[in-house]
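A closer look at the structure
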Amino acid sequence: MCRRGNNITALILICGAVVIIVKNEFLQTDDWQTPTVPEVTGPGGAPLPDYDLSGEEESSASDTPSAVTELPAANGSKRIHCLTVIGQIEGHYSLPQNSKATRYEQIIPLLAAIEEDPSVEGLLVLLNTVGGDVEAGLAIAELIAGMNKPVVSLVLGGGHSIGVPLAVSAKMSFIVPTATMTVHPVRMNGLFLGVPQTVDAFLRIQDRITDFVVAHSRVKRERFGEMMSKTGQLVGDVGTILTGDMAVKEGIIDRLGSLSDALAALYNMINQGEKTQ
């Protein structure tokens with residue numbers, strides 16, 4: 001019995017040695033190659049685009065579009081800049097991360113730099129905003145209105161609330177036919193006291209907006225006040241919604257036009273300024 005067990009053990013050891021020798025010889029031969037995965041191509045043998053299947057998108061500061069874009073000198077040697085006012089005008093408190101906003105701390109120094117840059121000959125302001133903070137909006141509007149260089153604004157989509165002073169702050173304003181502008185009284189979020197002094201503060205803020213719009217457009221003060229207090233157009237609110245042609249008819253915007261019209265007017269203002277020098 002013992003001899004039989006020894007024979008079985010010896011047989012197992014011999015088989016194991018044979019397996020090891022065969023495995024080593026197989027790995028050392030040149031016939032072994034790593035299997036390759038066939039390349040998948042699109043129609044006509046074109047390579048397929050690379051897709052990120054991780055579900056996560058990398059973001060960096062360089063991917064964020066700038067509020068000011070330099071336009072190429074297409075009309076001779078004219079060099080202009082394009083300022084976009086989009087989303088909500090952010091005030092002294094930061095808006096949520098998922099909100100598109102125009103921040104005054106970025107726009108104000110940019111406007112000062114454009115005004116002081118001798119190589120920049122004009123500024124094109126494109127607006128598509130729902131409004132926002134009154135003080136921030138008026139600060140930007142005052143800077144644009146105080147620039148010596150030619151400035152043309154174009155309302156696209158919407159120029160609501162404090163976007164109205166921003167639109168009229170340019171030396172010439174345009175609006176596309178499909179755009180709208182909302183004129184309404186001053187609103188306030190958060191806690192405030194229900195006392196006469198609060199109403200007086202609201203009226204003074206509203207007067208600041210009205211004074212600026214009247215001074216930089218053709219609309220009459222009385223008519224602008226009527227549009228602010230009009231009922232029946234906004235659900236649960238007061239105010240007036242103006243389409244592109246209505247904004248021009250009321251005297252808030254100068255002309256009805258598109259991008260080509262705004263650029264033509266800007267180049268014409270630059271040429272007129274060169275002739276007077």
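This report concerns the structure included in the present document. (Residues numbered from 1 in each chain as written. Predicted model: local features only at pLDDT ≥ 70, side-chain atom pairs only at ≥ 80, totals over all residues. Heavy atoms only, no water.)

1. Structural notes on the overall build of the protein
In terms of helices and strands, the protein carries eight helices and nine strands. Sequence separation of at least 24 residues holds for 67% of the intrachain contacts in the protein that already meet a minimum separation of 6. (Helix = DSSP H or I, 4+ residues; strand = E, 2+ residues; numbered from the N terminus. Contact = heavy atoms within 4.5 Å.)

2. Focus on the packing of helix α2 (residues 104-116) against helix α3 (residues 134-145)
With their axes 10 Å apart at the nearest point, α2 and α3 run at an angle of 10° to one another. Relative to α3, α2 is oriented roughly parallel. The segment α2 lies against α3, with Tyr104, Ile107, Ile108 and Leu111 engaging Ala136, Ala139, Ile140, Leu143 and Ile144. Classifying every residue of the contact of α2 with α3 by side-chain character gives nine nonpolar, no polar and no charged. (Axes fitted to C-alpha atoms, helices over the stretch in contact; angles between N-to-C directions. Parallel < 35°, antiparallel > 145°, perpendicular 65-115°, else oblique. Nonpolar A, V, L, I, M, F, W, Y, C, P; charged D, E, K, R; others polar.)

3. Concerning the pattern of salt bridges
Applying the stated criterion to the full structure yields seven salt bridges. One salt bridge connects Asp207 with Arg221, and the closest N-O pair in it is separated by 3.5 Å. Of this pair, Asp207 sits in helix α5 (residues 196-215) while Arg221 sits in helix α6 (residues 221-228); the two residues are 14 residues apart in sequence, bridging distant segments of the chain. Asp207 sits in the partly exposed class, given a relative accessible area of 35%. Taken together, the salt bridges that share partners define one network made up of Asp207, Asp211 and Arg221. (Salt bridge = Lys/Arg side-chain N within 4 Å of Asp/Glu carboxyl O. Buried < 20%, exposed > 50% of the residue type's maximum accessible area, 1.4 Å probe, protein only.)

4. Points about unusual backbone geometry
At Ser161, a residue that is not glycine, the phi angle is positive and equals roughly 55°. Inspection of the secondary structure puts Ser161 in the loop between β5 (151-159) and α4 (163-168). In this structure Ser161 comes out as partly exposed when scored by relative accessible area, which is 22%.

5. As for the packing of α3 against α5
Orientation of α3 relative to α5, taken along the N-to-C sense of each, is 25°, at an axis distance of 12 Å. Our classification of the angle between α3 and α5 gives roughly parallel. Seen along the crossing, α3 lies across α5 with a hand that is left-handed. Contacts between α3 and α5 involve Val134, Glu135, Leu138, Ala141, Glu142 and Ala145 from the former and Ile205, Arg208, Ile209 and Phe212 from the latter. (Left-handed = near helix turned anticlockwise from the far one by under 90°.)

6. Description of the layout of surface pockets
Regions of empty space are outlined by a rolling probe, equal in size to a water molecule, passed over the atoms. One number sums up the size of the largest pocket: a volume of about 880 Å³. Forming the boundary of the largest pocket are 32 residues, of which Gly132, Asp133, Val134, Arg187 and Asn189 lie nearest the centre. Taken together, the elements giving at least two residues each to the lining of the largest pocket come down to β2 (80-90), β4 (122-132), α3, α4, β7 (180-183), α5 and α6. Each residue belonging to the lining of the largest pocket can be placed in one class, and the counts come to 16 nonpolar, 11 polar and five charged. (1 Å grid on protein atoms, 1.4 Å probe; cavity = no way out; pocket = protein on both sides within 12 Å on 5 of 7 lines; lining within 4 Å. Points joined across faces, edges and corners; volume = space filled by probe spheres on them.)

7. Some thoughts on the environment of Asn128
Take Asn128: it is sitting in strand β4. The spacing of Asn128 and Val85 is 43 residues in sequence and 6.3 Å in space, taken between C-alpha atoms. Apart from the residues lying within four places of it in its own chain, the contact partners of Asn128 are Val85, Ile86, Gly87, Leu156, Gly157 and Gly158. Within polar-contact distance, the side chain of Asn128 engages the backbone nitrogen of Gly158 at 3.1 Å. (Polar contact = N/O pair within 3.5 Å; in protein donor to acceptor, adjacent residues only side chain to side chain.)

8. Quick word on the nonpolar core
Most often, soluble globular proteins keep nonpolar side chains buried together rather than apart. Counting 57 residues, the largest nonpolar core has Phe224, Ile252 and Ile253 as the members making the most contacts within it. With sequence-adjacent residues up to four places away left out, Phe224 is seen in contact with Val164, Val183, Thr210, Val213, Val219 and Ile252. (Core = buried A, V, L, I, M, F, W, Y, C linked by side-chain atoms within 4.5 Å.)

9. Focus on α2
With 13 residues, α2 extends 18 Å between its outermost C-alpha atoms, agreeing within 8% with the 18 Å of an ideal straight helix rising 1.5 Å per residue. Every buried residue of α2 is listed here: Ile107, Leu111 and Ile114. Seen along its axis, α2 keeps its buried residues to an arc of 65°; they face one direction. (Expected span 1.5 Å × (residues − 1). Arc of directions from axis to C-beta.)

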